[in-house]
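Close look at the chain arrangement
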Amino acid sequence: MASVQFKYKFVLPIFLVAAFLILPSIQAKPVKYCDKTGNNYAVKISGVKINPEPVVSGKPATFNIYASTEQELLGAELVLEVRYFGVHVHSEKHDLCEEAGGCPIKTGDFVISHSQELPGFTPPGPYSLQMKMNSKEGHLLTCISFNFRIEFPSVADA
């Protein structure tokens, strides 16, 4: 019995250290609300995960946006604006129902997932993305922005 206690005394600290080292790499990146607090929005965003991060030119990337709502959503339009060094470079619109796996979206947590392959000539560097979600009636449900990086593929990836 004493040897079992002895093993746990060493295994538990090792497990906790490993968890704290791994946890930051799997956490979602923070977002900024357009109105600074997000209190005025019906849809709250808790974070974004990008895979791979950084994004690689010419390779597919997936953006998962973790959200929650206190009201059922029957549909909405996502308006995305991308900036490179602060300069507008791209805009696109998507249907929330398609990006979230169907509608209606019930109250509670949901994920908006978008995959896209950027052209191979996309320049590397710092980018920002702003996402507005508008209801079918034209009401702003949320507005966030976050930063990400794009890199050229490494020689090993080519």
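Residues numbered from 1 in each chain as written. Predicted model: local features only at pLDDT ≥ 70, side-chain atom pairs only at ≥ 80, totals over all residues. Heavy atoms only, no water.

The condition that has to hold: UniProt positions are given in the numbering used here, feature names are shortened, and annotations may be inferred rather than shown by experiment.
The name given to the chain in an unreviewed UniProt entry is MD-2-related lipid-recognition domain-containing protein, with the source organism recorded as Papaver somniferum. The Subunit (unreviewed entry) field of the UniProt record for the chain holds the comment "Monomer." Taken verbatim from the UniProt record of the chain, the Sequence similarities (unreviewed entry) comment is "Belongs to the NPC2 family."

Structural notes on the overall build of the chain
The line we're drawing: A run of H or I in DSSP becomes a helix once it reaches four residues, and a run of E becomes a strand once it reaches two; helices and strands are each numbered from the N terminus. Note on exposure labels: buried denotes an accessible area under 20% of the residue type's maximum, exposed denotes more than 50%, and partly exposed covers the range between, all computed with a 1.4 Å probe on protein chains only. Contacts are assigned to residue pairs with any non-hydrogen atoms lying within 4.5 Å of each other.
Scanning the chain from terminus to terminus reveals two helices and nine strands. Listed by position from the N terminus, the elements making up the chain come as α-β-β-β-β-β-β-α-β-β-β. Split into buried and exposed, the 158 residues of the chain put 30% on the buried side. Long-range pairs, those at least 24 residues apart, make up 60% of the contacts in the chain with a sequence separation of at least 6.

Structural notes on the environment of Pro104
For Pro104, the location among the structural elements is in the loop between helix H2 (96-99) and strand E7 (108-117). Considering only alpha carbons, one finds Pro104 and Leu74, 30 residues apart in sequence, at a separation of 4.6 Å. Leaving out residues up to four positions away in the same chain, Pro104 has contacts with Glu72, Leu73 and Leu74.

What to know about the sheet that holds strand E4 (residues 60-69)
Short version of the rule: Strands qualify as paired when DSSP identifies two bridges or more between them. Helix axes are fitted only over the stretch in contact, all axes being lines through C-alpha atoms; the angle between N-to-C directions runs from 0 to 180 degrees.
Read from one edge of the open sheet, three strands run E2-E4-E7, paired in antiparallel fashion. Since the sheet does not close on itself, it has two edges, and those belong to strand E2 (43-51) and E7, each with one partner. Averaged over all neighbouring strand pairs, the angle between strand axes comes to 20°, with direction disregarded. As defined by bridge partners, E2 adjoins E4 across eight bridges and the pair is classed as antiparallel. Bridge pairing in E4 links Ile45 to Ala67.

A look at the pattern of salt bridges
Here is the rule: What counts as a salt bridge is simple: a side-chain nitrogen of Lys or Arg found within 4 Å of a carboxyl oxygen of Asp or Glu.
This structure, assessed with the given rule, holds three salt bridges. Arg83 is the salt-bridge partner of Glu81, the closest N and O atoms lying 2.7 Å from each other. With a relative accessible area of 32%, Arg83 lands in the partly exposed category.

So, the state of the cysteines
Quick note on the threshold: Here, two cysteine sulfur atoms that lie within 2.5 Å of each other are counted as a disulfide.
Applying the stated criterion across every chain yields a total of two disulfides. Each disulfide pairs two cysteine sulfurs, and for Cys97 the partner residue is Cys103, the sulfurs being separated by 2.0 Å. Residues Cys97 and Cys103 are joined by a disulfide whose S-S torsion is about -95°; by sign, that bridge is left-handed. Judged by its relative accessible area of 29%, Cys103 is partly exposed. Across the chain, the way the bonded cysteines pair up, counted in sequence order, is 1-4, 2-3.

Here we look at the pairing of strand E6 (residues 87-95)
Inspection of the sheet shows strand E5 (residues 76-84) paired to E6 by eight bridges, in the antiparallel sense. Residue pairing in the sheet places Val79 in a bridge with Lys93 of E6. Hairpin connection between E5 and E6: a loop of two residues separates the two successive antiparallel strands, and Phe85 in this loop has a positive phi of roughly 50°.

Description of unusual backbone geometry
What is expected of a backbone is that most residues other than glycine have negative phi and most peptide bonds are trans. The linkage connecting Asn51 with the following residue, Pro52, adopts the cis geometry, with an omega of -5°. Relative to the elements of secondary structure, Pro52 occurs in the loop between E2 and strand E3 (55-56). Looking along the chain, the bond that leaves Cys103 and enters Pro104 is cis, with omega of 5°. A positive phi angle, near 80°, is found at Lys36, a position not held by glycine.

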